[in-house]
Amino acid sequence: MRVKRILKWSAATILVALVLLGFIAYWTSTNDCNAPIRGEVMKAIKVCEYGVDRLQVAEVNKAVPSDDQVLIKVRAASLNALDVFMIRDTWFGRLFFGLRKPRDTGLGRDVAGQVEAVGKNPAAAGQFKPGDEVFGVCGASLAEYAVSSGRGLVMKPSSVSFEEAASIPLAGLTALQGLREGNIQSGQKVLVNGATGGVGTFAVQIAKYLGAEVTAVCSTRNLDLVRSIGADHVIDYTKEDFTKSDQRYDVIFDNVCNHSFFERRRVLTAKGICVLAGMGGAGVKEGQALGRIAGNLFTARGLSSFTDQKFAQYMTKVSKQDLILLGDLLQAGKVRPVIERTYKLNDAPKAIRQLDAGHARGKLVITIGEESR
Ligand SMILES: NC(=O)c1ccc[n+]([C@@H]2O[C@H](COP(=O)([O-])OP(=O)(O)OC[C@H]3O[C@@H](n4cnc5c(N)ncnc54)[C@H](OP(=O)(O)O)[C@@H]3O)[C@@H](O)[C@H]2O)c1
């Protein structure tokens, strides 16, 4: 009886402590939006509160590189689904990006620009020098200046424009590494579901470059677009369900994951692989995304351990080698970035809203320069 009472009180105490800790964590979670402006300023997109409609174009403290960083004068940056997920007002996002307010007040990962300065330890920053034209991944790239450790930066090929280079990093890496995860071989049949977004347009072209026969799944208005980037076959998902066809695929590169394990398994070859690349892009809302995460990362992957067909999940890695390869493919004209539209920095909030609506074609790029002032 006494043990029971002690257990009851301990559970109640733990519960109260957790609620209290959660409450403290919530109220102490803040960001640097109220920090004073000192010295040089720059224009940047600032995220002080959650909500895609609450972005500000603001004057902030100019980015300053640490000893191990380079300072980049940003010439172009591109948007990814991740940027939208980070600022949407959802309880799930708040768990990762800051409970009460977004912790990071800068936005944007993909960057292309010129090295303006290097920290005191240039070796640590990848031996770049002022004037070098670079592209890659950094933090807070929707700004006139950004800093980077250099680990995610490579030299920009001379014939590739800043806009094109900025469109490559996260989407290009995700497509390339996902196709590798699918162990894609020349001559194989590959289906790309969600073929017209940032990742899909790279996946179609890279799969073609690697010698695959590519089927692209997209909506009616994008049929010509996927044909123009090399798809051998197209399926309009508004009219036809690819999982009900008689075709069999060696690799399904799935950007949408809107079909069940059994439906996709049906159209995989005996030893086929379904690569779980994404949950449907920026347009997918929280409940739907969580359903797809549960249905794919847990159910489909779990069930595939009992079958010869595999369902593989991966996280995109920032790799210099892969960025160089992607830059070379652009330089050689083997891959061409699909850029639906470019926006000036002042209009970046509009671009984010377009991405959030879920039907961007290829990439949305923000150009940044004197004219953006
Ligand atoms: N694994 C990783 O580490 C990693 C890294 C980066 C990104 N991702 C994920 O990859 C996914 C794709 O990213 P993204 O940048 O390409 O997104 P995006 O640019 O927003 O594109 C999403 C695409 O999905 C298409 N789509 C929507 N509903 C569809 C359906 N029912 N069937 C077929 N296509 C449909 C849309 O085409 P329509 O306009 O024709 O509908 C759109 O082109 C996202 O979920 C993202 O989070 C994963």
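Our structure is the block above this text.
Reading the values: the criteria
Residues numbered from 1 in each chain as written. Predicted model: local features only at pLDDT ≥ 70, side-chain atom pairs only at ≥ 80, totals over all residues. Axes fitted to C-alpha atoms, helices over the stretch in contact; angles between N-to-C directions. Helix = DSSP H or I, 4+ residues; strand = E, 2+ residues; numbered from the N terminus. Parallel < 35°, antiparallel > 145°, perpendicular 65-115°, else oblique. Left-handed = near helix turned anticlockwise from the far one by under 90°. Contact = placed C-beta atoms within 7 Å. Nonpolar A, V, L, I, M, F, W, Y, C, P; charged D, E, K, R; others polar. Pairing = 2+ DSSP bridges. Buried ≥ 20, exposed ≤ 12 C-beta atoms within 10 Å, placed from the backbone. Expected span 1.5 Å × (residues − 1). Arc of directions from axis to C-beta. Near = placed C-beta within 6 Å. Domains from an automatic or database assignment.

*Asks:* Any chance you could explain the packing of helix α5 (residues 169-181) against helix α6 (residues 198-209) here in plain terms?
*Replies:* Geometrically, a packed helix pair is captured by the angle between its two axes and the distance between the axes. Here α5 crosses α6 at 50°, and the two axes come no closer than 8 Å. Comparing their axes, α6 and α5 come out oblique. Handedness of the α5/α6 crossing: right-handed. On the side of α5, the interface is formed by Ala171, Gly172, Thr174, Ala175, Leu176, Gly178 and Leu179, while α6 contributes Gly198, Val199, Phe202, Ala203, Ile206 and Ala207. Across the contact of α5 with α6, the residue classes tally to nine nonpolar, four polar and no charged.

*Asks:* Please explain the sheet that holds strand β12 (residues 268-276) as it appears in this structure.
*Replies:* Strand pairing within a sheet occurs via backbone hydrogen bonds; the two strands may be parallel or antiparallel. Taken together, the six strands give an open sheet; going across it, the order is β10-β9-β8-β11-β12-β13, and neighbouring strands pair in parallel fashion. With partners counted over all chains shown, the strands left at the sheet margins are β10 (233-236) and β13 (310-313), one partner each. Sheet twist, expressed as the mean angle between neighbouring strand axes with direction ignored, is 20°. Packed onto the sheet, α6 meets β8 (189-193), β9 (213-218) and β11 (249-254) and runs at close to 170° relative to β8. In this fold helix α9 (residues 286-304) packs onto β12 and β13, with an angle of close to 140° to the strand it touches most, β13.

*Asks:* In this structure, what is going on with unusual backbone geometry? I would like to understand it.
*Replies:* Residues apart from glycine generally show negative phi values, whereas peptide bonds are mostly found in trans. In this structure, asparagine 183 is a non-glycine residue whose phi angle is positive, near 50°. One can find asparagine 183 in the loop between α5 and β8. Its 14 C-beta neighbours within 10 Å are what place asparagine 183 among the partly exposed residues. Even without a glycine there, the phi angle at cysteine 257 is positive, about 55°.

*Asks:* It is not clear to me how helix α10 (residues 320-331) should be interpreted in this structure. Could you clarify?
*Replies:* Residues three or four positions apart in an α-helix share a direction because the helix packs 3.6 residues into each turn. Taking 1.5 Å per residue as the helical rise, α10 with its twelve residues ought to reach 16 Å, and the 16 Å between its terminal C-alpha atoms agrees with that figure. All of the buried residues along α10 are Leu323, Leu326, Gly327, Leu329 and Leu330. For α10, the angular spread of buried residues about the axis comes to 160°, placing them on one side. In this fold, the buried residues of α10 make contact with β5 (133-137), β7 (153-155), α4 (162-167), α5 and α6. Just downstream of α10 lies glycine 333, where phi reads positive at about 75°.

*Asks:* For this particular structure, what's the right way to read α6?
*Replies:* Taking 1.5 Å of rise per residue, the twelve residues of α6 would be expected to cover 16 Å, and the 17 Å separating its terminal C-alpha atoms lies within 8% of that figure. For α6, the complete set of buried residues consists of Gly198, Val199, Gly200, Thr201, Phe202, Ala203, Val204, Gln205, Ile206 and Ala207. On its buried side, α6 packs onto α5, β8, β9, α7 (223-228), β11 and β15 (363-367).

*Asks:* So what exactly am I meant to see when it comes to the packing of α5 against α10 here?
*Replies:* It is the contact of α5 with α10, at a shortest axis distance of 10 Å, that shows an interaxial angle of 100°. Taken together, α5 and α10 sit at an angle that is classed as roughly perpendicular. Two secondary-structure elements touch here, α5 through Pro169, Gly172, Leu173, Leu176 and Gln177 and α10 through Asp322, Leu323 and Leu326. For the contact of α5 with α10, a count of residues per class yields five nonpolar, two polar and one charged.

*Asks:* What is the right way to read the site of the ligand from this model?
*Replies:* Taken together, 33 residues lie near the ligand, and Gly197, Gly198, Ser219, Gly278 and Gly281 sit nearest. Taken together, the elements giving at least two residues each to the shell around the ligand come down to α5, α6 and β9. Among the residues making up the shell around the ligand, the classes are represented as 14 nonpolar, 19 polar and no charged. Composition of the shell around the ligand by domain shows at least three residues from each of domain 1 (34-168 + 337-372) and domain 2 (171-313).

Geometric values such as these leave the question of function open.
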